[in-house]
Amino acid sequence: AGTMAMATVNLHAVTSWVGIARLFAVVLSCIAFSLVASTGDFKGSYGTWCMFTWCFCFAVTLLVLVLELLELYPKLPLSWDDFTSAFSMLAALMVFTTSVVFPSIFISSPCSSSKCARQAAATTVSFLCFFAYALEVGLTRAKPGDISSFLSTVPGLLKVFEAYVACLIFSLLDTYSSKGGLQWCVAVYSICFIVTLIIIIITIGRCITYIPCPLEKMLVGYNTLALMMYITATVLWPLYSFQGGNRPDTCGRNCWWDKNLGVTFLTIFNLIAYLVDLVYSTRMVFIRAP
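Being a predicted model, the structure only gives us computed values, none of them experimental.

J.: I keep staring at the layout of surface pockets and nothing clicks. Help me out?
T.: The gaps left among the atoms become clear once a water-sized probe is rolled over them. The computed volume of the largest pocket comes to approximately 1000 Å³. As for the largest pocket, its lining consists of 26 residues, and the residues nearest its centre are Y46, T97, V101, L168 and L172. Mapped by element, the contributors of at least two residues to the lining of the largest pocket are α3 (44-69), α4 (80-106), α6 (154-172) and α9 (256-286). Split by residue class, the lining of the largest pocket holds 17 nonpolar, six polar and three charged.

What follows is the structure in structure tokens.
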């Protein structure tokens, strides 16, 4: 007689601290996009981005919880710890960005209507959702000396941060085709983003064994090159993009000057990230934990 396979229920997936943080993230992201949806005011690229962030994080986190609750994740052809670590970091960054962008675009002063109250509540809930994802990142981050998945280590989390910041830079790029210095900066952003994304993908896809050299040594070389490239971009981008002088008085919300300033700061953020990444990667190769 045939036997019916029963799915195993792992209650630890929702009763552990990581599971509780994920439950809070699911509930809070659902509340955030429900409140904004009830206002009907989320049109335009910024509103679409905010709604996508909350819905995307809600759906993927709920899927992670279900797969861990039913213990189905071992059947997936990927490194589960790397995937969940990368996603929690990405979700924290996305929700934090949304929590800042949404009120700055959609909430006007004075805030007295019921619609504005719901928007303010959605902003508060979104920040709480960010803290839930940040807590998950902190709980799952590998401690020094631990033998763990790469993307749960500091260099791995920094890889997700670097790729996300590069995406923000791409969203702000406006006119750069007329100057060779700006074209070089865009090439720097693109090359580093592609290589970083490939590292994340091959780690999640369990393809590290196909790399002809150890991952740690490859990261030292790549981070050194990326750091030098970002140093040039940090100098050249403001040098060429602000040749027009001060911010024009007629600039509106989508002012090219503001976008270039945003790219300048994001370039500095990624420069610092690659510097810290290089330090940690070097320690992984030359300083072994006892």
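Now that the structure is up, let's keep going.
J.: Quick question: what am I supposed to make of helix α5 (residues 114-140) here?
T.: In an α-helix, one full turn covers 3.6 residues, which means residues spaced three or four apart are oriented alike. Along its 27 residues, α5 runs 39 Å from first to last C-alpha, staying within 8% of the 39 Å computed at 1.5 Å per residue. Every buried residue of α5 is listed here: C116, Q119, A122, T123, V125, S126, C129, F130, A132, Y133, E136 and V137. Each element contacted by the buried residues of α5 is listed here: α2 (17-39), α3, α4 and α6.

J.: Even after reading the chapter, I still don't get the state of the cysteines, so can you show me in this structure?
T.: Two cysteines, two sulfur atoms, one covalent bond between them: this is a disulfide. Applying the stated criterion across every chain yields a total of zero disulfides. Of all cysteine sulfurs, the one in C30 lies closest to C55, which takes part in no disulfide; the gap is 8.7 Å. The thiol sulfur of C129 is not disulfide-bonded, and the nearest other cysteine sulfur, from C57, lies at 6.5 Å. The exposure class assigned to C129 is buried, which follows from its relative accessible area of 1%.

J.: Can you walk me through the packing of aromatic side chains in this structure?
T.: Aromatic rings considered in pairs are described by the distance between their centres and by the relative angle of their planes. A complete count under the given rule lists 16 aromatic pairs for this structure. Pairing W80 with F83 gives two aromatic rings, centres 5.6 Å apart and planes at 40 degrees, and the pair type is tilted. On the criterion of helical spacing, the pair formed by W80 and F83 is a turn pair, its members being three residues apart in helix α4. Residue classification places F83 among the partly exposed positions, given a relative accessible area of 24%. One aromatic cluster is present, formed by W49, F52, F56, F87 and Y133 through successive ring pairs. Residue placement shows R283 over the ring face of Y280; its charged tip is 5.7 Å from the ring centre.

J.: Explain the pattern of salt bridges here, please?
T.: Two side chains that carry opposite charge are able to pair once their charged atoms sit near each other. Under the defined criterion, the tally for this structure stands at four salt bridges. We note a salt bridge from E162 to K159, for which the minimum N-O separation is 3.4 Å. Here K159 and E162 lie together in helix α6, a separation of three residues that amounts to about one turn. As far as the burial class goes, E162 and K159 line up, both buried.

J.: It is not clear to me how empty space enclosed by the protein should be interpreted in this structure. Could you clarify?
T.: The full count for this structure, using the stated rule, is one cavity of 30 Å³ or more. In this structure, the largest cavity encloses a volume near 30 Å³. Around the largest cavity, the lining residues are R22, T61, V64, T84, F87 and E136. When contributions to the lining of the largest cavity are tallied by element, the ones reaching two or more residues are α3 and α4. Residues belonging to the lining of the largest cavity are distributed by class as follows: two nonpolar, two polar and two charged.

J.: Could you clarify how one ought to interpret the UniProt feature "transmembrane region" (unreviewed entry) in the protein in this entry?
T.: UniProt annotation of "transmembrane region" (unreviewed entry) refers to residues 14-37, 49-67, 87-108, 120-139, 181-208, 220-240 and 260-280 when read in the numbering used here. In this annotation, residues 220-240 is assigned 100% helix and 0% strand; the end-to-end C-alpha distance for the span is 30 Å. Between the C-alpha atoms that bound residues 260-280 the distance is 30 Å, and the span itself is 100% helix and 0% strand.

About the criteria used
Residues numbered from 1 in each chain as written. Predicted model: local features only at pLDDT ≥ 70, side-chain atom pairs only at ≥ 80, totals over all residues. Heavy atoms only, no water. 1 Å grid on protein atoms, 1.4 Å probe; cavity = no way out; pocket = protein on both sides within 12 Å on 5 of 7 lines; lining within 4 Å. Points joined across faces, edges and corners; volume = space filled by probe spheres on them. Helix = DSSP H or I, 4+ residues; strand = E, 2+ residues; numbered from the N terminus. Nonpolar A, V, L, I, M, F, W, Y, C, P; charged D, E, K, R; others polar. Expected span 1.5 Å × (residues − 1). Buried < 20%, exposed > 50% of the residue type's maximum accessible area, 1.4 Å probe, protein only. Contact = heavy atoms within 4.5 Å. Disulfide = S-S within 2.5 Å. Phe/Tyr/Trp six-rings, centres within 6.5 Å; stacked < 30°, edge-to-face > 60°. Lys NZ or Arg CZ within 6 Å of the ring centre and 35° of its normal. Salt bridge = Lys/Arg side-chain N within 4 Å of Asp/Glu carboxyl O. UniProt positions renumbered as here; feature names shortened; annotations may be inferred.

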